[in-house]
Amino acid sequence: MAEARAAAENSVEEYVVQMKGITKVYPNGIAANQDVDLFVKKGEIHALMGENGAGKSTLMKMLFGLEQPTSGEIIINGEKVNLTSPTVAISKGIGMVHQHFMLVPSLTVAENMVLGIVPKKSGIFIDYKKAVEITKEYSQRFNLHVEPDAKVMDIPVGMKQKVEILKALVRGAKILILDEPTAVLTTQETTELFKELIHLKEQGYTIIFISHKLNEIMEITDRLTILRGGKSMGVHNTRDVTKEEISRLMVGRDVVLSVQKDVAKPTDTVLKVRDMEYVNEWGKKMLDKVSFSVRKGEILGIAGVEGNGQKELVDMLFNLNTPNAGTATVNGENILGLPQRKIREKGVSLVPEDRMVFGIAGDGTIEENLISDRCGSKDLNRGPLFNMNAIHDSCKKLIEDYLILCKSGKQKVKMLSGGNIQKVVVAREFSNDPVLIIADQPTRGIDVGATEFIRKKLVELSRSGIAVLLISADLSEVMELSDSLIVMYGGKIAAYFEDTRELNDEIMGEYMLGLKRQPEEQVRRVCHE
Amino acid sequence: MNRKRSIVFSLVRGLAAILIALAVATLLIFISSEGESLAEKLAATGDALRQLLIGPLFRSSGGLNTKNLSDILAAMIPTIFTGLGVCVMFSANEFNMGAEGGALLGAFVAAMCAIYVPMAAGIHVVFCILMGAVACGLMMLIPALLKTRLGVSEMVCSLMLNYVVMYVISYLMNAHLSDKSKGQIQSYPFESTAQVPQLVDNGSKLSWGFVVAIVFVVLIALFMYRTRWGYAIRMIGINKDFAMYSGMKVAGVIVLAHVLGGVLAGMGGGLEMLGRYETYAWRSLPGYGWTGITIAILAGNNPIFVPFASFFIAYLDKGCNLMATYCGVPNQLIDIIQACIFLFFAAEQFLSRYRQRLVVKSTQEELRLKAASVEGGESNA
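The structure displayed is predicted, hence computed values, not measured ones. (Residues numbered from 1 in each chain as written. Chains lettered and ligands numbered in written order. Predicted model: local features only at pLDDT ≥ 70, side-chain atom pairs only at ≥ 80, totals over all residues. Heavy atoms only, no water.)

### Side note on the overall build of chain B
Stated precisely, the cut-off is as follows: Strands are runs of DSSP state E lasting at least two residues, helices are runs of H or I lasting at least four, and both sets are numbered from the N terminus onward. To sort residues, take the accessible area from a 1.4 Å probe on protein chains only and compare it with the maximum for the residue type: under 20% means buried, over 50% means exposed, and anything in between is partly exposed.
Per the secondary structure count, chain B includes 14 helices and zero strands. For chain B, the α and β elements follow one another from N to C terminus as α-α-α-α-α-α-α-α-α-α-α-α-α-α. Considered along the principal axes of its C-alpha atoms, chain B spans approximately 90 × 70 × 35 Å. For chain B, buried positions account for 49% of its 381 residues.

Have a look at this one:
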């Protein structure tokens, strides 16, 4: 690190961003960054890598003025700055595109674009025409195609992202921070985004690119900084390192990136969904005659771009919403419209998509979160009182089995990192003797280590005779884990692949984007009786 | 942050809140104190402060003032119960403000049972208080069911309900139940079998209700932290969606929280009525429910801390009464002083910089320890 600092001082002009010796301690006592250095050259695409909880987001939040460092200094274009708020950061030419888009869905693209810097007519009225003009001008200049008059809620994810990038550029950003920009994109959209990013780079813009995905990093970045456990693992030229080296630096050990699994031998049908239909509150048909089955001992994957009915489907199966038509049974018994307690009694477990909303009670302890579905069971109660020892022992076992990193089971869940929070959810959902596990985006936004663990666990459970329904927007994840796979597009099942082994991204992408659709008979084969 | 530091922080923070509040109080007392010269005013202020701070416990001669102490403990009886009730309801994230009307209803029903339902000594008083508690529990069904069935705001509903209860009782007293031979609106005297026996005989009205209150603190703490129902109440309070998804009967548990909160408030009202008075003569809301809300907030919704918060408020009340009696300081000052203290207690960011410094220090120590142990381990190997 000392050499890096010395080298940096020798060629100060070269760097547009210098973060030196940054330490950040949060009010909950977590040291998210410890003496981290980040030096970004002008006009490069610089990757910031690390597992979740490694401190990437914290470091970027400080660069964008959302958090202040406990110690250390930030130098932008050779000038020492004190970034007290995003407004200050923007004025220094820093723009950030968040993982979760910060757009107003009910406003048009042009309106979103000028939010806070609205062009005015005679000082009072909003000059909408001017807003559209600005949008068009920037859109052309940077080759980022958007529709200025469309409402943000009607445009696809890929375009929303472009709106976000343009928003930053309109505000004069020269340094762009992209927080996991490809997490929600299809292969095709990702390819497009990369072209645009390279175009920006050629025009002298600097891009800091946060990602977990090694392939992308190799493809697009010039240099990379790796964080692990809040510390910097050094900066490297992308072309000088291999994927394996990077993942070792990130995780601190060799990671098996592909899951080993033997061929599935599915037996009886467990979940049977037939002709499920749902029209949402805005009149859009989100589920259109969806029928499929999941059998014991197999993992059925559902792939598709988000917003094509996957979320709605899961909501129906766990009675978080009511379908307009259709049936769903588990081992022959209806589960639609039952209270969640009854659904769970039939052996259905759910790893919810949004773990912070449904998966955990953040202010509760780890133990309290692990027993939420079984708090009434005989094993954990003694008369009217809880059997505290039994609770403590069973939770201790779960914490050990599921490698949940914590000081003790009495720690609050919200103090854990994303990956460990997900392990708490998974530990609970996998350990209640399920016959069917619905895993909705089980590894979204969590680190490589936890991802690997959860994937292995899913395969293990399915091979032990549990039916698994896996919904994931991560294409490589669904393809690798699933034994067979359906693709959802526009609320319909667009394709069914009985065997995932000969699939590739290209074929999948065509179905996911609605360019192709299998004939009805072929799709119907997913309905086992 | 380690345990020791967080305790130190809590203490420093509490003390700082009280000191600031006292500084404000001193200023106000000084302004309102009587006296011609500055010296006289200062002396009067000092006298008033002495009454406020140590008057409630110590005689001017220096000995412990047991009469005042038992007055304070007696004053805690109803507010411990309302405080517990509010704790239970707030833990479910249900902002039921009905403990006020609940205490009134509990007191009224207990009083009526004490007059019109003669029973044997021993069980009569228990019966009266239970009836008061049940009545108040039933009353809380109104906001609870409206909330769970129709989505009516429990806060608005329960707040209004207080006045409905108060005026219905006023009407009953005026029209049907008052002792017409008396000059004011009051009931016939309670049967002697219905009175809560006194704990001490010094006229302070410290009854066995105090012991019952402490027993209930333990029971409610056990209920909230050691049973599945209390657990469900707390989880629903933290994240209702999570509780539903986990398979808890969310609506049922919410109703339970309201009803249990009501039962506690009603019990507090009943014990207060039968422990302190001989006839029912309340004509407005007693204020115990509002105090209960303050207590629950000070106690952070943890039943164990309720008696301490209750003691604190009773002490402050007593001190202000003494100030008013002996030093001519207006009784309204207590509200200002209390408001100051709560303001700083409730202000989450109060002293947050100091806290952050402690946090940084702890974390750095922890990291150093970890680094040292790693190095140590390596050299051993």
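### Quick word on the overall build of chain A
This is how the line gets drawn: With C-alpha atoms as the basis for the radius of gyration, the globule rule is written as 2.2 Å multiplied by the number of residues raised to the power 0.38. Residue contacts are counted whenever heavy atoms from the two residues lie within 4.5 Å of one another. The accessible surface values rely on the Shrake-Rupley method and a 1.4 Å probe; as for residues, cover is taken only from the protein chains in view. We treat Lys and Arg as the positive residues and Asp and Glu as the negative residues; His and chain ends play no part in the count. Positions of charges follow a simple convention, taking NZ of Lys, CZ of Arg, CG of Asp or CD of Glu.
Scanning chain A for helices and strands turns up 19 helices and 24 strands. A compact globule built from 529 residues would reach a C-alpha radius of gyration of about 24 Å, and chain A, at 25 Å, matches this within 12%. The principal-axis extents of the C-alpha atoms in chain A amount to approximately 70 × 55 × 50 Å. Sequence separation of 24 or more characterises 67% of the internal contacts of chain A that already satisfy a separation of 6 or more. Just so you have it, chain A exposes about 22,500 Å², and 51% of that area is on carbon and sulfur atoms. Side-chain charges in chain A split into 68 positive and 73 negative, and the spacing between the mean points of these groups amounts to 3 Å.

### Section: the interface of chain B and chain A
For clarity, the threshold we go by: Using a 1.4 Å probe, buried area is obtained as the accessible area two parts lose upon being combined, added over both of them. One speaks of a salt bridge when a side-chain nitrogen belonging to Lys or Arg is within 4 Å of a carboxyl oxygen belonging to Asp or Glu. In the analysis that follows, any N or O atom pair within 3.5 Å is treated as a polar contact, provided that within protein one partner can donate a hydrogen and the other can accept it, and provided that, for residues neighboring in sequence, both atoms belong to side chains.
With 26 residues of chain B at the contact, the number on the chain A side is 41 residues. Summing both sides of the interface, chain B and chain A together bury roughly 2,700 Å²; the carbon and sulfur share of this comes to 61%. At the surface where chain B touches chain A, the tally comes to one salt bridge. Here Glu368(A) and Arg234(B) are joined by a salt bridge, their closest N and O atoms 2.8 Å apart. The interface formed by chain B and chain A includes 13 residue pairs in polar contact (both at pLDDT 80 or more).

### Concerning the domain arrangement of chain B
Definition in use: Delimitation of the domains relies on an automatic or database domain assignment.
Partitioning chain B into structural domains gives domain 1 (1-64 + 329-374) and domain 2 (74-313). A C-alpha centroid distance of 31 Å is found between domain 1 of chain B and domain 2 of chain B.

### Brief notes about the packing of helix α11 (residues 288-298) of chain B against helix α12 (residues 306-327) of chain B
All names here are of chain B. What counts, and what does not: Lines fitted to C-alpha atoms define the axes, with helix axes restricted to the stretch in contact, and inter-axis angles between N-to-C directions lie between 0 and 180 degrees. An angle counts as roughly parallel when it lies under 35 degrees, as roughly antiparallel when it exceeds 145, as roughly perpendicular when it falls between 65 and 115, and as oblique in every other case. Each crossing is labelled by how the near helix is turned from the far one, with a counterclockwise turn of less than a right angle marking it left-handed and a clockwise turn marking it right-handed. Nonpolar residues are Ala, Val, Leu, Ile, Met, Phe, Trp, Tyr, Cys and Pro. Charged residues are Asp, Glu, Lys and Arg, and all others, Gly as well, are polar.
Two elements in contact, α11 and α12, have axes separated by 8 Å at closest approach and are oriented at 125 degrees. In terms of orientation, α11 and α12 fall into the oblique class. As for the relative orientation of α11 and α12, their crossing is right-handed in sense. Facing α11, whose interface residues are Thr 291, Thr 294, Ile 295 and Leu 298, α12 presents Val 306, Ala 309, Ser 310, Phe 312 and Ile 313. Considering only residue class, the contact of α11 with α12 consists of six nonpolar, three polar and no charged.

### Regarding the packing of aromatic side chains
So the rule is basically this: Note on ring pairs: Phe, Tyr and Trp rings are taken, using the six-membered ring of Trp, and paired if centres are within 6.5 Å. Classes follow the plane angle, with under 30 degrees stacked, over 60 edge-to-face and the rest tilted.
Taken as a whole and assessed by the stated rule, the structure comprises 16 aromatic pairs over all chains. Consider the rings of Phe194(A) and Phe209(A), whose centres lie 6.0 Å apart with planes at 65 degrees: the pair is edge-to-face. In this pair, Phe194(A) is assigned in helix α7 (residues 187-202) and Phe209(A) in strand β10 (residues 206-210), connecting sequence segments 15 residues apart. Each member of the pair, Phe194(A) as well as Phe209(A), carries the same accessibility label: buried. For the ring pair Phe358(A) and Tyr245(B), a centre distance of 6.4 Å and an interplane angle of 50 degrees mean the geometry is tilted. Separated into two different chains, Phe358(A) in helix α12 (residues 355-359) and Tyr245(B) in helix α9 (residues 240-245) make up a pair that spans both.

### A look at the domain arrangement of chain A
All names here are of chain A. Domain annotation of chain A identifies domain 1 (2-251), domain 2 (256-347 + 433-529) and domain 3 (365-432). At the surface where domain 2 touches domain 3, the tally comes to two salt bridges. Summed over the shared surface of domain 2 and domain 3, the result is two residue pairs in polar contact (both at pLDDT 80 or more). Taken together, the residues that form the side of domain 2 that touches domain 3 break down as nine nonpolar, one polar and four charged.

### Overview of the side chain of Glu100(B)
Residues and elements named next belong to chain B. Within the secondary structure, Glu 100 sits in helix α4 (residues 99-116). At 3.0 Å, the side chain of Glu 100 and the backbone nitrogen of Gly 289 are in polar contact. Among the polar contacts made by the side chain of Glu 100, one reaches the main-chain amide nitrogen of Trp 290 at a distance of 2.9 Å. If sequence neighbours within four positions are ignored, Glu 100 has contacts with Asn 162, Leu 285, Pro 286, Gly 287, Tyr 288, Gly 289 and Trp 290.

### A word on helix α6 (residues 154-177) of chain B
Along α6(B), the residues classified as buried are Glu154(B), Cys157(B), Ser158(B), Leu161(B), Asn162(B), Val165(B), Met166(B), Ile169(B), Met173(B) and Leu177(B). Elements in contact with the buried residues of α6(B): α4, α5 (123-150), α10 (250-276) and α11 of chain B.

### Quick word on the sheet that holds strand β4 (residues 71-76) of chain A
Backbone-to-backbone hydrogen bonds join strands into a sheet, with any given pair of strands oriented parallel or antiparallel. Residues and elements named next belong to chain A. Keep this limit in mind: Strand pairing is defined by DSSP finding a minimum of two bridges between the two strands.
Pairing is antiparallel in the open sheet, where four strands are placed in the order β2-β1-β4-β5. Only two strands of the sheet have a single partner each, and these edge strands are β2 (31-41) and β5 (79-81). Across the sheet, the mean angle separating the axes of adjacent strands is 25 degrees when strand polarity is ignored. Both strand β1 (residues 15-25) and β2 contribute to a ladder of seven bridges, which runs antiparallel. Residue Gln 18 lies in a different strand from β2, and its bridge partner there is Phe 39. Along the sheet, helix α2 (residues 56-63) contacts β1, β2 and β4; its crossing angle with β1, the most-contacted strand, is approximately 120 degrees.

### A short note on the environment of Glu51(A)
Secondary-structure assignment places Glu51(A) in the loop between β3 (45-49) and α2. Sequence spacing of Glu51(A) and Met159(A) is 108 residues, and the spatial spacing of their C-alpha atoms is 27 Å.

### With respect to the sheet that holds strand β9 (residues 175-179) of chain A
Residue and element names in this part refer to chain A. Strand order in this open sheet of six strands is β6-β9-β10-β3-β11-β12, and the pairing throughout is mixed. At either end of the open sheet lies a strand with only one pairing partner, and these are β6 (94-97) and β12 (231-237). Averaged over all pairs of adjacent strands, the angle between strand axes in this sheet comes to 20 degrees, irrespective of strand direction. Of the strand pairs in this sheet, β3 and strand β11 (residues 223-228) are connected by four bridges, and their pairing is parallel. Bridge pairing links His 46 to Arg 223 in β11.

### Comments concerning a nonpolar patch on the surface
The following threshold applies: Note on patches: the residues involved have over 30% relative accessible area and no salt bridge, like charges join within 9 Å, and the nonpolar side chains Val, Leu, Ile, Met, Phe, Trp and Tyr join within 5 Å.
On the surface, a nonpolar cluster with roughly 760 Å² of combined accessible area is contributed by Phe95(B), Met155(B), Val156(B), Leu159(B), Met160(B), Tyr163(B), Tyr167(B) and Trp290(B). No other element matches the six residues that α6(B) contributes to the nonpolar patch.

### Details of unusual backbone geometry
Residue and element names in this part refer to chain A. The phi torsion at Asn 143 lies on the positive side, around 60 degrees, for a residue other than glycine. If you trace the backbone, Asn 143 turns up in the loop between α5 (128-141) and α6 (157-170). Judged by its relative accessible area of 52%, Asn 143 falls in the exposed class.

### Focus: the pairing of β11(A)
Residues and elements named next belong to chain A. Counted residue by residue, β11 has five buried out of six residues, so it is predominantly covered. The pairing of β11 with β12 spans five bridges and is classified as antiparallel. Residue pairing in the sheet places Arg 223 in a bridge with Asn 237 of β12. Connecting the antiparallel pair β11 and β12 is a turn made up of two residues, with Gly 229 showing a positive phi of about 55 degrees.

### Observations regarding helix α8 (residues 228-238) of chain B
Across the eleven residues that make up α8(B), a large majority, eight, are buried. Those residues of α8(B) that are buried are in contact with α13 (366-370) and β20 (385-386) of chain A together with α3 (66-91), α7 (209-226), α9 and α10 of chain B.

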